Protein chains: 4
Amino acid sequence: MKVAFTSDNIAGASESVFQAIIEASQGDAMPYGNDESTALVTHKLSELFECEVEVFLVSTGTAANVLSISALTPPWGSVLCHKESHLLQDENTAPEFYAGGARFVGIEGENAKIDPEWLKKAVTQKIGDVHSCQPAAVSISQVTEVGSVYSLEEIRAVTSVAKEAGLPVHMDGARFANALVSLGCTPAQMTWKAGVDIVSFGATKNGTMASEAIVVFKQPLEEKGLSFDRVVKELAFRRKRGGHLHSKMRLLSAQMIAYLTDDLWLTNASHANAMMAHLQEGLKSIPGVKINTPAQANMLFCTLPLPMIDHLHSEGFAFYGGRWEEGVVRLVTSFRTPKEGVDAFIHAAKSFAERTV
Amino acid sequence: MKVAFTSDNIAGASESVFQAIIEASQGDAMPYGNDESTALVTHKLSELFECEVEVFLVSTGTAANVLSISALTPPWGSVLCHKESHLLQDENTAPEFYAGGARFVGIEGENAKIDPEWLKKAVTQKIGDVHSCQPAAVSISQVTEVGSVYSLEEIRAVTSVAKEAGLPVHMDGARFANALVSLGCTPAQMTWKAGVDIVSFGATKNGTMASEAIVVFKQPLEEKGLSFDRVVKELAFRRKRGGHLHSKMRLLSAQMIAYLTDDLWLTNASHANAMMAHLQEGLKSIPGVKINTPAQANMLFCTLPLPMIDHLHSEGFAFYGGRWEEGVVRLVTSFRTPKEGVDAFIHAAKSFAERTV
Amino acid sequence: MKVAFTSDNIAGASESVFQAIIEASQGDAMPYGNDESTALVTHKLSELFECEVEVFLVSTGTAANVLSISALTPPWGSVLCHKESHLLQDENTAPEFYAGGARFVGIEGENAKIDPEWLKKAVTQKIGDVHSCQPAAVSISQVTEVGSVYSLEEIRAVTSVAKEAGLPVHMDGARFANALVSLGCTPAQMTWKAGVDIVSFGATKNGTMASEAIVVFKQPLEEKGLSFDRVVKELAFRRKRGGHLHSKMRLLSAQMIAYLTDDLWLTNASHANAMMAHLQEGLKSIPGVKINTPAQANMLFCTLPLPMIDHLHSEGFAFYGGRWEEGVVRLVTSFRTPKEGVDAFIHAAKSFAERTV
Amino acid sequence: MKVAFTSDNIAGASESVFQAIIEASQGDAMPYGNDESTALVTHKLSELFECEVEVFLVSTGTAANVLSISALTPPWGSVLCHKESHLLQDENTAPEFYAGGARFVGIEGENAKIDPEWLKKAVTQKIGDVHSCQPAAVSISQVTEVGSVYSLEEIRAVTSVAKEAGLPVHMDGARFANALVSLGCTPAQMTWKAGVDIVSFGATKNGTMASEAIVVFKQPLEEKGLSFDRVVKELAFRRKRGGHLHSKMRLLSAQMIAYLTDDLWLTNASHANAMMAHLQEGLKSIPGVKINTPAQANMLFCTLPLPMIDHLHSEGFAFYGGRWEEGVVRLVTSFRTPKEGVDAFIHAAKSFAERTV
């Protein structure tokens, strides 16, 4: 294939990441996270987020999300997330499994962002009614599943509804870096300062092979009267119980350290976002192409004429289509997407459009 | 520390393994196991086991064990395993979690091996009685949790009871290679030819960083009238549901391929076993030292005088004690254990013993 | 209160039912359903449904529903039911609990009936995709949660989509008798002859104190290639596992026998339906009253002016309001609703309306 | 049959109980426990236990036990109960189901009573170790599964170990009244004054058809720093989630009220215990009969010569045998066991023994 816009999980790792894996593979180290590199990860993330945090490394984004939430809800609770969220659309029944059979309720909202008004209704209905599951947590995705990004105001609008109701807020940050670069703010601003209690801090889609950090913030939890210590304890035992406690934890830690070193994570995300901006700019002016949700990070949903899709596929460009409404395709750029590849894609689409007019 | 006998999970990876990781980190590849290297793993394991297999790669031994079993039991079933097995002793409640609340019943037997007579009683009691959980699967550990190894006859004695009762058999092979080298037989002989239906084929303790393969055998399952296709389907969905489906699966595949190439896995296990044999030989003759279970692979439980334990720890030797009966310590060798380290340990123990007589 | 339209579960039991309880309370009988009266229930229901059935008695409608479904779906499955169904709205997370964390997906449709077109979409999407839960069963409510009744054609439209997809169909028949009387057909016609595989045959809302039967039909299951024996086995063990196997089962059996004897169940339902028809007829012509969903059985959702609601409450009439859109109230009649009570309600509403014009 | 010693669950209900059911079946009442009779049950049990309690009525003993425990343990916890307890022997996997996959660990001890020394070991091992499930609750049975009764001192020996470890204690009181009569103490003395936090207060085996009360005590929970309010909240939601919230709750309440009125419960238990004492006394002196565990309440395990068992069965006496060691039978008396039946049994056994010498 010429260039693939299938997903950001098709790219391998940044060089410094696999160099770190090599180093981590040498010599002895205590297992299960009782090694120095794992302690260093916590230290680095505490600095990054400018506050006290507890960190739990796991190897998949699904594990990070569902473990986080499992520590926040009783089995008779409901977790409120957008109806198009990854949690509800792409993780099979992992959410219900980890949350002990709690319910995941899809909330409405434009561009896959939770509408605070809908949320308000959801968190105030049937409270105390034993016949109804009880709102227990809120989860937002940053970047969202359609490529949009919550502004800080939008995050706060959601978290303030949650706070009013005494509910903790989880952020699915599988594309955390891409969102951060898009907003141009600090990690603290996008999370705990905006009312987020726990984050799935993703790295796998942006330069590592398999390393995700669950980051728990003390301050916002305790402001709501929730116990930081209890959440941390739940996560420690539930990670093991889920089979997600790596014996050679340094494999995960080493990747995360390299990812955070010398701003690799921001550099990678900036590149991916820039490539998407370039791609979107090029596509916008092509007749017959419709931008469904303006890409604010590194993912775009747009609608193409069916013959154009076929043509692009036949030219060797890879991307997903056929899963959504007719003609809808998803294009994702990564830290490794070459500018020439983007140019080639735009060129191919444009010339096809011109030929068929 | 001078040398550590803490566990085989403290050693890093063999060189060819991390070289393979580097290669795997380059370029694009389809996610979730739809890449060429993952297909190659299945091919290689099929050759290794000389039969049709389905393979599911995961990153921890706990995940391999509990996912395997989750495909074999209904939630009202019981899984029969040795009362000192890893499943019952060291995986928190991961077994119950994945098996939907099934029960894990500890069976008696010498040297942490299931006694076929006890098993027979367990699989014939209260069958059809709704007040009692119903035997659904048997799980054995090879190497066992105390360092012993089932002979082929011993495996068959267990699996024939299971077969009589129509129950599938799982083998926890976290130290599969060490057991195989100890027995000097083929992988097929130690598994499906001996009546085993599904294996957790461990690699993490013997040269990789994080790669374990669930291997499902078609023939023995179907001989019992159980559906291979159903087990495979359950595993596919349950792996995702458990958060254990890696997007960049090639990270796991690459390690497994390197592990199986040029007999690395056997070479590594042979070294670990040889070091243990040497260590055991040396300890046997030291006054005050008692071998609790003769090591047949790379793990030894023995009882040392308490002052000797303190002395060895103070000399910088690392190993676990204080968790079992007074004076009981566990010594584990790995593919990286240096012969000089073993000699030094024996020497230290022996001179201490001589001094204190 | 003058008369209560709160729910049909506020009424006690028919006289022959509690006479039967007295008789059942005498003497010894084998426990756990191994008594003669329980066998008789199966016999009677087999006759009633004109086919081979297996029956499991339980004491609540929630138990009947969620146990039924638990036997039909794997934990990675999805159960398709109307988004306003009792399962999704009024049973807390009992559905997820019993189904081992499977997902309950709300389907659209007018009058709380599943739209077959929506269903078709739902059962054909993402089949085989491990990232998505897999359609495993369909559940319909007859009477629905808003008081409408599926016609036989409407049932078949749903079940034929299910059959095409190989999925079993459950019917929540908490108000089975009311629906049957409304349709004027036979129990067989409304269930297995229309493609339904398993029914929660409710009696508690229509004359008993606590007795519900899960009725499993052999023929439709086997026509889909599903195993009747497996479903029956699952139910036997899961009923015990859920704590729903009564030791003195005859308490449940006796009620069910009385319920089915001399057409008590049909007589009771006919009365309840007739009272609702009378009530609806009376309300229809009152200015300011809006019928939201025409009542086809014994439950009506209508919208009243707020002052009228207050007035009726102050006059001592009991009914639920304040839970739905503004002004929406629910009125339910039962086998014990007196005609004078209905007349009084209509009169009170009408005179209030006239006074306030 | 002449007379049955099969179980106390084969007897029907006391007359005042079914009279109460008739009364409860009349008229309207608010559902789900919002009726007057349910409030009265709480009031009566509060008086009975001389303290503040919360009460949850359910219809089976299994439900009472497993719901109680589900409110006390996280899913990664272990519940410590005797290895021969009903929880581990006769409730299928209901315990694991309700406790979200927690583990039930069998503790040793004579006469099916937990040995405090064994318990102490169990509650202090591997605390804080993520690889091991963490002790979360203790459950004792009073009467035990073999017919013995904990003395107050024995209860306190268990509860003081639990209190030291900060663990709540559940009492399975399926035969609460029989134990109480045996000890001759007050309900308060046998429960919260002895350190018990929550009781399954059984009535079904002793005069009702189906009514069991979960009784939660405030004081002992709070003395351990555990939250009474949280336990109560969990129970409210979990009862509904388990399908155990009866709509016509008055059916359960009415039985319980009658049971507690005019000391019916004590009268019934006294009769059952007296019949057992008489039976045991008679059997003791018969050659070939061995009392295995001296009956302290209404259940006896003894060993009879096999021909004697056959003879008694052929004479029409009903009782369980063939489930335990050879010759072991279980004899249970109830509130309805006639003295002539006991005499006849003794006589038949004795004459058989004399004939065969």
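Just so it is clear, the model here is predicted, and its values are computed rather than measured.

(A) Highlighting the sheet that holds strand β9 (residues 299-303) of chain B. Residue and element names in this part refer to chain B. If you trace the four strands from one edge of the open sheet to the other, you get β8-β9-β11-β10, paired in antiparallel fashion. Each edge of the open sheet carries a strand with a single partner, namely β8 (290-293) and β10 (320-321). Inspection of the sheet shows β9 paired to strand β11 (residues 328-332) by five bridges, in the antiparallel sense. For T303, the partnering residue across the bridge sits in β11 and is V328.

(B) Quick peek at the interface of chain D and chain C. Listed by partner, the interface residues are 49 residues for chain D and 49 residues for chain C. For the pair chain D and chain C, the two sides together bury roughly 4300 Å², of which 57% comes from carbon and sulfur. When residues of chain D are sorted by the area they lose upon contact with chain C, F97(D), R241(D) and K248(D) head the list and together hold 19% of the total. Across the contact surface, chain D and chain C share two salt bridges. With a closest N to O distance of 2.7 Å, D28(C) and R336(D) form a salt bridge. The tally of links from chain D across to chain C stands at 37 residue pairs in polar contact (both at pLDDT 80 or more). Contributing elements (two or more residues each) for the side of chain D that touches chain C: α1 (15-24), α3 (61-70), α5 (94-98), α11 (228-241) and α12 (250-260) of chain D. Looking at the side of chain D that touches chain C element by element, the count peaks at four residues for α1(D).

(C) Highlighting helix α3 (residues 61-70) of chain A. Of all the ten residues making up α3(A), nine are buried; the element is thus mostly covered by neighbouring parts of the structure. When α3(A) is considered as a whole, its buried residues turn out to be T62(A), A63(A), A64(A), N65(A), V66(A), L67(A), S68(A), I69(A) and S70(A).

(D) Structural view of the interface of chain B and chain A. Between chain B and chain A, the contact holds 49 residues from the first and 49 residues from the second. Both sides together, the interface formed by chain B and chain A hides about 4300 Å², and carbon and sulfur atoms give 57% of it. Interface area lost by chain B to chain A is led by F97(B), R241(B) and K248(B), which between them contribute 19%. At the junction of chain B and chain A, the tally comes to two salt bridges. Run the count over chain B and chain A and you get 37 residue pairs in polar contact (both at pLDDT 80 or more). Considering each element in turn, the side of chain B that touches chain A owes the most residues, four residues, to helix α1 (residues 15-24) of chain B. In terms of residue class, the side of chain B that touches chain A is built from 23 nonpolar, 17 polar and nine charged.

(E) Up close: the pattern of salt bridges. One pass over the full model with this rule turns up 52 salt bridges over all chains. Between E234(B) and R238(B) there is a salt bridge; the shortest N-O distance is 2.6 Å. Residue E234(B) and its partner R238(B) are both found in helix α11 (residues 228-241); the two are separated by four residues, about one turn of the helix. Looking at E234(B), the relative accessible area reads 10%, which means it is buried. It is possible to trace a salt-bridge network through shared partners that takes in R230(A), E234(A) and R238(A).

(F) Layout of the domain arrangement of chain A. Residue and element names in this part refer to chain A. For chain A, the assigned domains are domain 1 (14-262) and domain 2 (264-356). Each of domain 1 and domain 2 has a C-alpha centre, and the two are 29 Å apart. Contacts between the two partners involve 29 residues from domain 1 and, on the opposite side, 20 residues from domain 2. Between domain 1 and domain 2, a total of about 1800 Å² is buried, with carbon and sulfur atoms accounting for 56% of that surface. When the area that domain 1 buries against domain 2 is broken down by residue, the three leading residues are R175, N178 and V181, summing to 25%. Counting every contact that joins domain 1 to domain 2 gives zero salt bridges. Linking domain 1 with domain 2 are eleven residue pairs in polar contact (both at pLDDT 80 or more). Looking at the side of domain 1 that touches domain 2, the elements that each hand over two or more residues are α1 (15-24), α8 (176-183) and α12 (250-260).

(G) View of the packing of helix α14 (residues 306-314) of chain D against helix α15 (residues 339-355) of chain D. Residue and element names in this part refer to chain D. For the pair α14 and α15, interaxial distance at closest approach is 10 Å and the crossing angle is 135°. Classified by the angle between their axes, α14 and α15 sit oblique to one another. Crossing geometry of α14 relative to α15 is assigned as right-handed. Facing α14, whose interface residues are P307, M308, H311 and L312, α15 presents F345, A348, A349, F352, A353 and R355.

(H) Local environment of the confidence of the model for chain A. Taken as a whole, chain A shows an average pLDDT of 96; of its residues, 99% reach a score of 70 or greater. Here the predicted complex carries an ipTM of 0.97, next to a pTM of 0.97.

(I) Region of interest: the nonpolar core. If you look at the biggest cluster of nonpolar residues, it comprises 112 residues, and the most contacted ones within it are F49(A) and F201(A). Here this core takes six residues from helix α11 (residues 228-241) of chain A, the largest share from any one element. Excluding anything up to four places from it in sequence, F201(A) contacts L45(A), L48(A), F49(A), G173(A), F176(A), E212(A), A213(A), V215(A), M256(A), Y259(A), L260(A) and W265(A). Among the nonpolar cores identified, the runner-up in size contains 56 residues, and Y98(C), V58(D), V79(D) and F104(D) belong to it.

(J) Representation of the pairing of β8(B) within the structure. Residue and element names in this part refer to chain B. Alignment of β8 against β9, held across three bridges, turns out to be antiparallel. Residue K290 lies in a different strand from β9, and its bridge partner there is T303. Counted along the chain from β8 to the antiparallel partner β9, the turn is five residues long.

(K) Local environment of the relation of the copies chain B and chain A. Expressed as a screw operation, the relation of chain B to chain A combines 0.0 Å of axial shift with a rotation of 180°, fitting to an RMSD of 0.0 Å. Put plainly, the chains are arranged around a two-fold axis. No C-alpha of chain B approaches the rotation axis more nearly than that of G242(B), which lies at 3.5 Å. By residue overlap, the copies meet face to face through one surface: 100% of the interface positions of chain B are interface positions in chain A.

(L) Seen up close, the pairing of strand β4 (residues 134-141) of chain B. Residue and element names in this part refer to chain B. In terms of burial, β4 is a largely internal element, eight of the eight residues being buried. Relative to β4, strand β2 (residues 77-82) runs parallel, the two being bridged by five bridges. By the bridge assignment for β4, S78 is matched with P135. Here β4 pairs with strand β5 (residues 169-173) via four bridges, running parallel. Residue S139 lies in a different strand from β5, and its bridge partner there is H170.

(M) Unusual backbone geometry, seen in detail. With an omega of -5°, the peptide bond between Q142(A) and V143(A) qualifies as cis. For V143(A), the location among the structural elements is in the loop between β4 (134-141) and α7 (152-164). Phi is positive for E50(B), which is not a glycine, with a value near 55°. Topologically, E50(B) is positioned in the loop between α2 (36-49) and β1 (53-58). On the basis of relative accessibility, which here comes to 46%, the residue E50(B) falls in the partly exposed class. Notably, D262(C) is not glycine yet its phi reads approximately 55°, a positive angle. Considering the arrangement of structural elements, one finds D262(C) in the loop between α12 (250-260) and α13 (264-284).

(N) Highlighting the UniProt feature "domain: Aromatic amino acid beta-eliminating lyase/threonine aldolase" (unreviewed entry) in chain A. Mapped onto this structure's residue numbering, the UniProt feature "domain: Aromatic amino acid beta-eliminating lyase/threonine aldolase" (unreviewed entry) falls at residues 5-301 of chain A. Its end C-alpha atoms 11 Å apart, residues 5-301 of chain A is made of 43% helix and 16% strand.

(O) Molecular detail of the packing of aromatic side chains. Applying the stated criterion across every chain yields a total of 62 aromatic pairs over all chains. Their ring planes at 90° and their centres at 5.2 Å tell us that F317(A) and F345(A) sit as a pair that is edge-to-face. Pair noted here: F317(A) is in the loop between α14 (306-314) and β10 (320-321) and F345(A) is in helix α15 (residues 339-356), with a separation of 28 residues, a long-range link. With a centroid separation of 5.0 Å and an interplanar angle of 65°, the aromatic rings of F5(B) and F345(B) are classed as edge-to-face. Of this pair, F5(B) sits in the segment before α1 while F345(B) is found in helix α15 (residues 339-356), placing the two residues 340 residues apart along the sequence. Across this residue pair, the class does not change: F5(B) and F345(B) are buried. Ring pairing ties together the aromatic residues F49(A), F176(A), F201(A), F217(A), Y259(A) and W265(A), which thus form one cluster. Between the NZ or CZ atom of K121(C) and the centre of the ring of W118(C), over which it lies, the distance is 4.9 Å.

Rules used in this analysis
- Along each chain, residues carry numbers from 1 onward, in the same order as the chain's sequence is written.
- To read the labels, note that chains go from A and ligands from 1, taken in the order they are written.
- Only residues with pLDDT of 70 or above have their local features reported here, since the model is predicted, and side-chain atom pairs are shown and tallied only from 80 upward, although totals for entire chains, interfaces and linings are computed over all residues.
- No hydrogens and no water enter the side-chain calculation; it runs on all heavy atoms of the structure.
- Strand pairing requires that DSSP identify at least two bridges connecting the strands.
- Runs of E in the DSSP output that reach at least two residues are strands. Runs of H or I that reach at least four are helices, and both are numbered from the N terminus.
- Contacts between residues were defined by any pair of non-hydrogen atoms, one from each residue, lying within 4.5 Å.
- Summed over both partners, buried area is the accessible surface (1.4 Å probe) that two parts give up on being assembled.
- Should a side-chain nitrogen of Lys or Arg be within 4 Å of a carboxyl oxygen of Asp or Glu, the pair is scored as a salt bridge.
- What qualifies as a polar contact is a pair of N or O atoms within 3.5 Å, subject to a donor-acceptor requirement within protein and to the restriction that residues adjacent in sequence count only when both atoms come from side chains.
- Each residue gets one of three labels from its accessible area relative to the maximum for its type: buried under 20%, exposed over 50%, partly exposed in between, using a 1.4 Å probe on protein chains only.
- Three classes are used, and their members are as follows: Ala, Val, Leu, Ile, Met, Phe, Trp, Tyr, Cys and Pro are nonpolar, Asp, Glu, Lys and Arg are charged, and the others, Gly among them, are polar.
- Reported domain spans reflect what an automatic or database domain assignment gives.
- All axes are obtained by fitting lines to C-alpha atoms, using only the stretch in contact for helices, and the reported angles, taken between N-to-C directions, cover 0 to 180 degrees.
- For classification, angles of less than 35 degrees are called roughly parallel, those exceeding 145 degrees roughly antiparallel, those between 65 and 115 degrees roughly perpendicular, and all remaining angles oblique.
- Handedness of each helix crossing follows the sense of rotation of the near helix against the far helix: counterclockwise by less than a right angle gives left-handed, clockwise gives right-handed.
- Note: pLDDT gives the predictor's confidence per residue, expressed from 0 to 100.
- Each nonpolar core is a collection of buried residues, namely Ala, Val, Leu, Ile, Met, Phe, Trp, Tyr and Cys, held together in the definition by side-chain atoms within 4.5 Å.
- To line up the copies, we fit them by least squares on C-alpha atoms, keeping just the residues with pLDDT of at least 70 in both.
- UniProt positions are given in the numbering used here, feature names are shortened, and annotations may be inferred rather than shown by experiment.
- Only Phe, Tyr and Trp rings take part, Trp by its six-membered ring, and two of them pair if their centres are within 6.5 Å. Stacked means planes under 30 degrees apart, edge-to-face means over 60, and tilted covers everything else.
- Two conditions define a charge sitting above a ring: the NZ of Lys or the CZ of Arg must be within 6 Å of the ring centre, and it must be within 35 degrees of the ring normal.

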